[in-house]
Amino acid sequence: NPPTSAIDITTHGSDWLWAVFAVMLLSDLIVIVWAYRLPRGHRVFHLLPIVILTTAAIAYFSMAADLGGTPVQAEFFGNRHQNQGATRAIWYVRYIDWVITTPLLLMELLLGTGLPLSDIFVTVFMDIAMIIAGLVGALVPSTYKWGYFAGGMAALFFIWYILLGPARVSAELIGADVRGIYTRSAAFLAFLWLLYPIAWGLSDGGNVIHPDSEMVFYGVLDILAKPVFIFIHILSLRTIDMSRFGL
Ligand code: RET
């Protein structure tokens, strides 16, 4: 199979990307129909997922069409001398997706906990900083990229602290039902998000795995972190009275 383009995504890789695109689009359509069957005022936890899944669908459409990536000098990877002048495809469209969708995923999780909005905003801005650090780090060809990575990790640790500390306490105060739902969703999210920096270290960071493997790694993660997370969350919300949140 000859590569379909200079940035080295194979035909096989692109079939996979179209499949992930289809999963995002189909989940999106299901949530859209579901959301508009709910009474007004009960929809917010379905409306955020619509934006999330639409954004993801567009990102995967772009990557499947071989758009949204750019070659970056990968001079320091592996054997420095052997790899002189080599490049790696950096799929920056991912980060554009994440900078929109990860704040929305956090809001999906946190808006029902009664956590003060000031805390939610700080968490969301930490998350934006984390994603931008990842993007800049990916585009930087030198080892300075690991400085951005470290900054992004610090932001992720902050997010974990909010999820496992103040937000959990806050959800507990609302009631046992909300606490149960929150704990499950938060644990799932906190675990999955840990796998993203690992994927980054192997791909955009360390150039250890081929972009095709990167696509499989992130593709599986994105399906778990978006549609699967969303369905788990909104299915469990079905059992409680959502109007209490006044959202
Ligand atoms: C980067 C690199 C810099 C350090 C850290 C990262 C974390 C990224 C995360 C991404 C989550 C994406 C999701 C997408 C939804 O489908 C930017 C890779 C910590 C946590 C949930």
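Note that the coordinates shown come from a computational prediction; the quantities given were computed from them, not determined experimentally.

Q: Summarise unusual backbone geometry; cite the residues concerned and give the values.
A: Its identity is not glycine, yet Asp66 carries a phi of approximately 65 degrees, on the positive side. Position of Asp66 relative to the elements: it lies in the loop between helix 2 (44–64) and strand 1 (70–73). The phi dihedral of Asn207 falls on the positive side, at around 55 degrees, and the residue is not glycine. Within the element layout of this structure, Asn207 appears in the loop between helix 7 (176–205) and helix 8 (211–237).

Q: Just give me the short version of the packing of aromatic side chains, but keep the residues and values in it.
A: Counted by the stated rule, this structure contains 13 aromatic pairs. Ring geometry for Phe158 versus Tyr161: centroids 6.3 Å apart, planes at 55 degrees, classification tilted. Here Tyr161 and Phe158 lie together in helix 5 (residues 145–164), a separation of 3 residues that amounts to about one turn. Judged by relative accessible area, which is 24%, Phe158 ranks as partly exposed. What makes Tyr161 exposed here is its relative accessible area of 51%. Among the aromatic side chains, those forming a connected cluster through ring pairs are Tyr95, Trp98, Tyr196 and Tyr218.

Q: For the packing of helix 3 (residues 93–110) against helix 4 (residues 117–139), give the residues involved together with the corresponding values.
A: Following both chains from N to C, one finds helix 3 and helix 4 inclined at 155 degrees, their axes separated by 9 Å at the closest point. One element, helix 3, and the other, helix 4, form an angle in the roughly antiparallel class. Crossing angle aside, the handedness with which helix 3 passes helix 4 is right-handed. Contacts between helix 3 and helix 4 pair Tyr95, Trp98, Val99, Thr102, Pro103, Leu106, Met107 and Leu110 from the former with Ile120, Thr123, Val124, Asp127, Ile128, Ile131, Ile132, Gly134, Leu135 and Ala138 from the latter.

Q: Tell me what's going on with the site of the ligand, and back it up with residues and numbers.
A: Around the ligand there are 16 residues in total, and Thr102, Trp193, Tyr196, Asp222 and Lys226 lie nearest to it. At a separation of 3.4 Å, an oxygen atom of the ligand approaches a polar side-chain atom of Tyr196. Compared with its free state, where it exposes 540 Å², the ligand has 100% of that area covered by protein. A breakdown of the residues in the shell around the ligand according to their chemical character gives 11 nonpolar, 3 polar and 2 charged.

Q: Just give me the short version of the confidence of the model for the protein chain, but keep the residues and values in it.
A: Of the residues in the protein chain, 90% have a pLDDT of 70 or more, and the chain-wide mean is 90. Ignoring residues within four places in sequence, the model shows residues 1–7, a span with pLDDT below 50, making 12 contacts including any to other chains. Complex prediction metrics read pTM 0.92 and ipTM 0.98.

Q: Tell me about the packing of helix 5 against helix 6 (residues 166–174), and please be specific about residues and values.
A: In contact at an axis separation of 3 Å, helix 5 and helix 6 are set at 20 degrees when each is read in the N-to-C sense. Here helix 5 lies roughly parallel to helix 6, going by the angle between them. Every residue of helix 6 that contacts helix 5 at Tyr161, Ile162, Leu163 and Leu164 is listed here: Pro166, Ala167 and Arg168. Within the contact of helix 5 with helix 6, the residues separate by chemical class into 6 nonpolar, no polar and 1 charged.

Q: For the pattern of salt bridges, give the residues involved together with the corresponding values.
A: One pass over the full model with this rule turns up 4 salt bridges. In this structure, Glu214 and Arg88 form a salt bridge, with 2.7 Å as the shortest nitrogen-oxygen distance. Taken together, the residues Glu214 in helix 8 and Arg88 in strand 2 (residues 87–90) connect sequence positions 126 residues apart. For the pair formed by Glu214 and Arg88, the shared burial category is buried. Linking Arg168 and Glu172 is a salt bridge whose minimum nitrogen-to-oxygen distance equals 3.8 Å. Residue Arg168 and its partner Glu172 are both found in helix 6; the two are separated by 4 residues, about one turn of the helix. Note on Arg168: relative accessible area 35%, which makes it partly exposed. According to the relative accessible area criterion, Glu172 is partly exposed, its value standing at 38%. Residues joined in a network through salt bridges with shared partners are Arg88, Arg94 and Glu214.

Conventions adopted
- Residues numbered from 1 in each chain as written.
- Predicted model: local features only at pLDDT ≥ 70, side-chain atom pairs only at ≥ 80, totals over all residues.
- Heavy atoms only, no water.
- Helix = DSSP H or I, 4+ residues; strand = E, 2+ residues; numbered from the N terminus.
- Phe/Tyr/Trp six-rings, centres within 6.5 Å; stacked < 30°, edge-to-face > 60°.
- Buried < 20%, exposed > 50% of the residue type's maximum accessible area, 1.4 Å probe, protein only.
- Axes fitted to C-alpha atoms, helices over the stretch in contact; angles between N-to-C directions.
- Parallel < 35°, antiparallel > 145°, perpendicular 65-115°, else oblique.
- Left-handed = near helix turned anticlockwise from the far one by under 90°.
- Contact = heavy atoms within 4.5 Å.
- Near = heavy atom within 4 Å.
- Polar contact = N/O pair within 3.5 Å; in protein donor to acceptor, adjacent residues only side chain to side chain.
- Areas by Shrake-Rupley, 256 points an atom, 1.4 Å probe, with all protein chains shown as cover.
- Nonpolar A, V, L, I, M, F, W, Y, C, P; charged D, E, K, R; others polar.
- pLDDT = per-residue confidence, 0-100.
- Salt bridge = Lys/Arg side-chain N within 4 Å of Asp/Glu carboxyl O.

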